[in-house]
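Per-entry structural report
Spelled out from the first residue to the last, the chains are:
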Amino acid sequence: MTAIESERRKSELSPRLRVTCEPFNPGSDDIVRLRVALTGPPGLDHLDRLTVAIRNDHHRRGEGEFQQYMDGPTQEEVKQHVWGPYRFTPHTGPDSAQADGMGREVVYDKSLPVGEELPYQLEHTQPGHWMRSYTQESWLRERGPVIRLAFTAEHKDHGSWYLPCEIDTGTMPATVQVP
């Protein structure tokens, strides 16, 4: 009975996020500001850690059977590549939290109170070095305008939550509520 009550309480306390994507500079979508605000729920006063990651267009990209051809990519290169229209600008982020070198993830490991937000900088992804037939324009056209994100929110007393979302940058500013 205690375990059931604990899971119910954890579900009630699932973090609510407001995610906004907007041009960093008016008239340009090359550099984008992503703002992530913790908006609730009542009863959850803060998070102890928030990890924000860019998800690929397909969750198993680079897994399974793989054979490298001539000077094509290795399986690891395929897995590391960000298969979406934007990535975090490497080595940028809120406070001392910095995006990894691939622009895939930022870990904010300080307390984030309800009502506060974190700013992130995103930039367009590039085609992989092995994609010689792609121009930057054709790559972005194929990727489309949707950014797929994953939030891992952690609280020392209540555990962790995995919160995926998608935000369409076709018309900016764009805002979504998670969940």
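Remember, predicted model here, so these are calculated numbers, not experimental data. (Residues numbered from 1 in each chain as written. Predicted model: local features only at pLDDT ≥ 70, side-chain atom pairs only at ≥ 80, totals over all residues. Heavy atoms only, no water.)

A few words now on the pattern of salt bridges. Tallied over the entire structure, the rule returns 15 salt bridges. Across the salt bridge formed by Lys156 and Asp157, the nearest N and O atoms sit 3.8 Å from each other. One salt-bridge network, held together by shared partners, links Arg18, Glu22, Arg33, Arg35 and Glu117. (Salt bridge = Lys/Arg side-chain N within 4 Å of Asp/Glu carboxyl O.)

Glancing now at the nonpolar core. Leu34, Leu50, Phe88, Tyr120, Leu122, Leu149 and Phe151 are the most contacted members of the largest nonpolar core, which totals 34 residues. Counting residues in each nonpolar core, the second largest holds six residues, with Trp83, Trp130, Met131 and Trp139 among its members. (Core = buried A, V, L, I, M, F, W, Y, C linked by side-chain atoms within 4.5 Å. Buried < 20%, exposed > 50% of the residue type's maximum accessible area, 1.4 Å probe, protein only.)

A separate point is the sheet that holds strand S2 (residues 31–40). Backbone-to-backbone hydrogen bonds join strands into a sheet, with any given pair of strands oriented parallel or antiparallel. A sheet is described by the order of its strands in space; here five strands give the open sequence S5-S8-S2-S1-S11, paired in antiparallel fashion. Each end of this open sheet is capped by a strand with a single partner; those strands are strand S5 (86–88) and strand S11 (174–178). Neighbour-to-neighbour, the strand axes of this sheet turn through a mean angle of 30°, independent of strand direction. Taken together, the eight bridges between strand S1 (residues 16–23) and S2 define a ladder with antiparallel strand orientation. Bridge assignment links Cys21 to a residue of S2, and that residue is Leu34. (Pairing = 2+ DSSP bridges. Helix = DSSP H or I, 4+ residues; strand = E, 2+ residues; numbered from the N terminus. Axes fitted to C-alpha atoms, helices over the stretch in contact; angles between N-to-C directions.)

The subject of this paragraph is the packing of aromatic side chains. Inspection of the entire model under this criterion finds four aromatic pairs. Note on Trp83 and Trp130: the rings are 6.4 Å apart at their centroids and 45° apart in plane angle, and the pair reads as tilted. Residue Trp83 is found in the loop between helix H2 (75–80) and S5, and its partner Trp130 is found in the loop between strand S8 (117–124) and helix H3 (136–143); the two are separated by 47 residues along the sequence. You'll find Trp83 and Trp130 in the same group, each marked buried. Considering the side-chain rings of Phe88 and Tyr120, the 5.6 Å spacing of their centres and the 55° angle between planes classify their relative orientation as tilted. Here Phe88, found in strand S5, pairs with Tyr120, found in strand S8; they are 32 residues apart in sequence, far enough to count as distant. Like Tyr120, Phe88 is buried. Members of the aromatic cluster, connected to one another through ring pairs, are Trp83, Trp130, Tyr134 and Trp139. The ring of Phe24 has Arg33 sitting right over it, with the charged end atom 4.5 Å from the ring centre. In this structure, Arg61 packs its charged tip against the face of Trp83, placed 4.0 Å from the ring centre. (Phe/Tyr/Trp six-rings, centres within 6.5 Å; stacked < 30°, edge-to-face > 60°. Lys NZ or Arg CZ within 6 Å of the ring centre and 35° of its normal.)

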